[in-house]
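# A closer look at the structure
Chain residues, written in single-letter form:
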Amino acid sequence: MSVVFVAASQLPTPFAVFTMHGFREEATGREHVALTLGDVADGAPVLGRLHSECLTGDALFSLRCDCGFQLEAALRAIAAEGRGVLLYLRQEGRGIGLLNKIRAYELQDGGADTVEANERLGFGADQRDYAICLPMLKHLGIQSLKLMTNNPRKVKGLGDVGIQVSQRVPLQIAHNPHNRKYLATKAGKLGHLLGNQHQGEEEESA
Ligand SMILES: Nc1nc2c(ncn2[C@@H]2O[C@H](COP(=O)(O)OP(=O)(O)OP(=O)(O)O)[C@@H](O)[C@H]2O)c(=O)[nH]1
Ligand SMILES: [Zn+2]
């Protein structure tokens with residue numbers, strides 16, 4: 001999978017002034033972004049977040065999921081560390097796209113859970129592919145990540161495409177009445193490590 005680096009600029013935010021790097025995925029034309037802070041190319045593991053696009057959660061304040069809250073928490077953590085990377089990956093709806101995600105939400109409004117809804121539409125539960133991350137990280141000179149995620153499958157998926165994760169850092173967000181069922185399904189069917197026993201825990205990973 002190949003990506004082309006296009007341009008980099010500053011991105012001031014309430015948390016820090018990041019450097020924003022823009023990439024184009026050659027096969028699909030999708031446009032991805034990396035935000036970096038500090039020297040990430042010195043060889044030491046970098047605090048990082050691989051964030052999958054969620055227009056509803058990241059930009060429209062949706063309470064159906066935890067994405068927007070995780071995005072903000074990740075940027076705050078990177079700012080507090082003074083060094084880190086966030087890849088903003090255009091894999092909306094776990095890879096099925098925005099309009100199909102709205103179709104899936106419609107089914108969830110009728111009682112399906114997030115996995116059943118995807119399957120009823122003819123999709124897998126999670127269609128994301130992390131291969132795109134490798135050339136982006138290589139371009140940035142990043143060799144190893146301390147990855148902020150609750151998803152062990154993401155850690156495995158990265159290992160499968162040759163990205164070294166030295167550590168998993170939990171990134172847990174509070175429940176609300178709208179995301180309770182969604183988070184329970186993620187824990188029960190998708191294997192996410194959510195819950196108090198994992199709070200603050202850090203794991204070694206292959
Ligand atoms: N198909 C579908 N996608 C969803 C739904 N809710 C959120 N998403 C998408 O799920 C992606 C985020 O994945 P999550 O499963 O929440 O989390 P993760 O990235 O696997 O794991 P973390 O690193 O712990 O956040 C984003 O692309 C969202 O657009 C849903 O009900 N259906
Ligand atoms: Zn979301």
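Structural notes, computed from the coordinates. (Residues numbered from 1 in each chain as written. Chains lettered and ligands numbered in written order. Predicted model: local features only at pLDDT ≥ 70, side-chain atom pairs only at ≥ 80, totals over all residues. Heavy atoms only, no water.)

### Describing the packing of aromatic side chains
Stated formally: The pairing test for Phe, Tyr and Trp rings, Trp by its six-membered ring, is centres within 6.5 Å, and the orientation test on the planes gives stacked under 30 degrees, edge-to-face over 60, and tilted for anything in between. We call a charge positioned above a ring when the Lys NZ or Arg CZ atom is no farther than 6 Å from the ring centre and deviates by at most 35 degrees from the ring normal.
Scanning the entire structure with this criterion turns up 1 aromatic pair. Here the basic side chain of Arg64 rests over the ring of Tyr105, its NZ or CZ set 4.1 Å away from the ring centre.

### Brief notes about the coordination of the zinc ion (ligand 2)
Definition in use: Only N, O and S atoms count as donors, using a 2.8 Å limit from the metal and a wider 3.2 Å limit for Na, K and Ca, and since water is excluded some coordination spheres may look unfilled. Think of it in three bands: residues with accessible area under 20% of the maximum for their type are buried, residues over 50% are exposed, and the middle band is partly exposed, with areas taken using a 1.4 Å probe on protein chains only.
Around the zinc ion (ligand 2), the protein contributes the donor atoms Cys54 (SG), Cys65 (SG) and Cys67 (SG), at 2.1 to 2.2 Å from the metal centre. Linear spacing of the donor residues for the zinc ion (ligand 2) on their chain is C-x10-C-x1-C. Per residue, the accessibility class of Cys65 equals that of Cys67, and both read buried.

### A closer look at empty space enclosed by the protein
Quick note on the threshold: A cavity here means a set of 1 Å grid points, computed over protein atoms only, where a 1.4 Å probe fits but cannot escape. A pocket is an open set with protein on both sides within 12 Å along at least 5 of 7 lines, and lining residues have an atom within 4 Å of a point. Grid points are joined across faces, edges and corners, and a volume is the space filled by probe spheres set on the points. Put simply, DSSP H or I for four residues or longer makes a helix, DSSP E for two residues or longer makes a strand, and each gets a number counted from the N terminus. Residue type decides the class: Asp, Glu, Lys and Arg count as charged, Ala, Val, Leu, Ile, Met, Phe, Trp, Tyr, Cys and Pro as nonpolar, and the leftover types, Gly among them, as polar.
Under the criterion given, the structure shown has 2 cavities of 30 Å³ or more. The calculated volume of the largest cavity comes to roughly 400 Å³. As for the largest cavity, its lining consists of 30 residues, of which Cys67, Arg94, Arg128, Tyr182 and Lys186 are closest to the centre. Sorting elements by how many residues they give to the lining of the largest cavity places helix α3 (residues 98-109) first, with 4 residues. Residues of the lining of the largest cavity, tallied by class, amount to 8 nonpolar, 12 polar and 10 charged. The calculated volume of the second largest cavity comes to roughly 30 Å³. Together, Arg94, Asp126, Asn151, Arg153, Leu190 and His192 line the second largest cavity. For the lining of the second largest cavity, the per-class residue count stands at 1 nonpolar, 2 polar and 3 charged.

### Some points on the side chain of Asn100
How we decide: Counting of polar contacts relies on pairs of N or O atoms within 3.5 Å, with two restrictions inside protein: one atom must be capable of donating a hydrogen and the other of accepting it, and residues adjacent in sequence are counted only when both atoms are side-chain atoms. A contact between two residues is defined here by any heavy atoms of the two lying within 4.5 Å.
Tracing the backbone shows Asn100 in helix α3. In this structure the side chain of Asn100 is engaged in a polar contact, spanning 2.6 Å, whose partner is the side chain of Arg103. Non-local contacts of Asn100, meaning those with residues more than four positions away in its chain, are made with Leu121 and Phe123.

### Re the site of ligand 1
Inclusion rule: Whether a residue is near a molecule or strand is decided by its heavy atoms; if any one of them lies within 4 Å of it, the residue is near. Surface accessibility follows the Shrake-Rupley procedure with a 1.4 Å probe radius. Residue values consider only the protein chains on display as shielding.
Around ligand 1, the structure places 24 residues, and the nearest of them are Arg49, Glu53, Arg128, Thr149 and Lys186. Lys154 places a polar side-chain atom, nitrogen or oxygen, 2.8 Å from an oxygen atom of ligand 1. Out of a free accessible area of 660 Å², ligand 1 has 99% covered by protein chains. Listing elements by their share of the shell around ligand 1, those giving two or more residues are β4 (46-52), α3, α4 (114-120) and α7 (180-189). Ranked by the residues each element gives to the shell around ligand 1, the list is headed by α3, at 3 residues. Of the residues assigned to the shell around ligand 1, the class counts are 4 nonpolar, 11 polar and 9 charged.

### Comments concerning the pattern of salt bridges
Which entries qualify depends on this criterion: Counted as salt bridges are all cases of a side-chain nitrogen of Lys or Arg within 4 Å of a carboxyl oxygen of Asp or Glu.
With the rule as written, the count across this model stands at 12 salt bridges. Arg64 is the partner of Asp109 in a salt bridge, and the nearest nitrogen-oxygen pair spans 3.0 Å. Of the two residues, Asp109 is situated in helix α3 and Arg64 in the loop between α1 (55-59) and α2 (67-81); the sequence distance between them amounts to 45 residues. The closest approach of N and O atoms between Glu72 and Arg76, which form a salt bridge, is 2.8 Å. Placement of both Glu72 and Arg76 in helix α2 is noted, with a separation of 4 residues, approximately one turn of the helix.

### Some points on the nonpolar core
Soluble, globular proteins show a tendency: their nonpolar side chains are buried together. For clarity, the threshold we go by: To qualify as a nonpolar core, a set must consist of buried Ala, Val, Leu, Ile, Met, Phe, Trp, Tyr and Cys residues joined through side-chain atoms within 4.5 Å.
Of all hydrophobic cores here, the largest spans 22 residues; its most connected members are Leu50, Leu87, Cys133, Met136, Ile142 and Leu145. Among the elements of the structure, β4, β5 (84-89), α5 (133-140), β6 (144-148) and α6 (152-160) are those that each provide at least two residues to this core. When residues of this core are assigned to their parent elements, the largest contribution, 4 residues, is made by α5. One finds Leu37, Leu47, Tyr88 and Val169 within the second-largest nonpolar core, a separate group that totals 14 residues.

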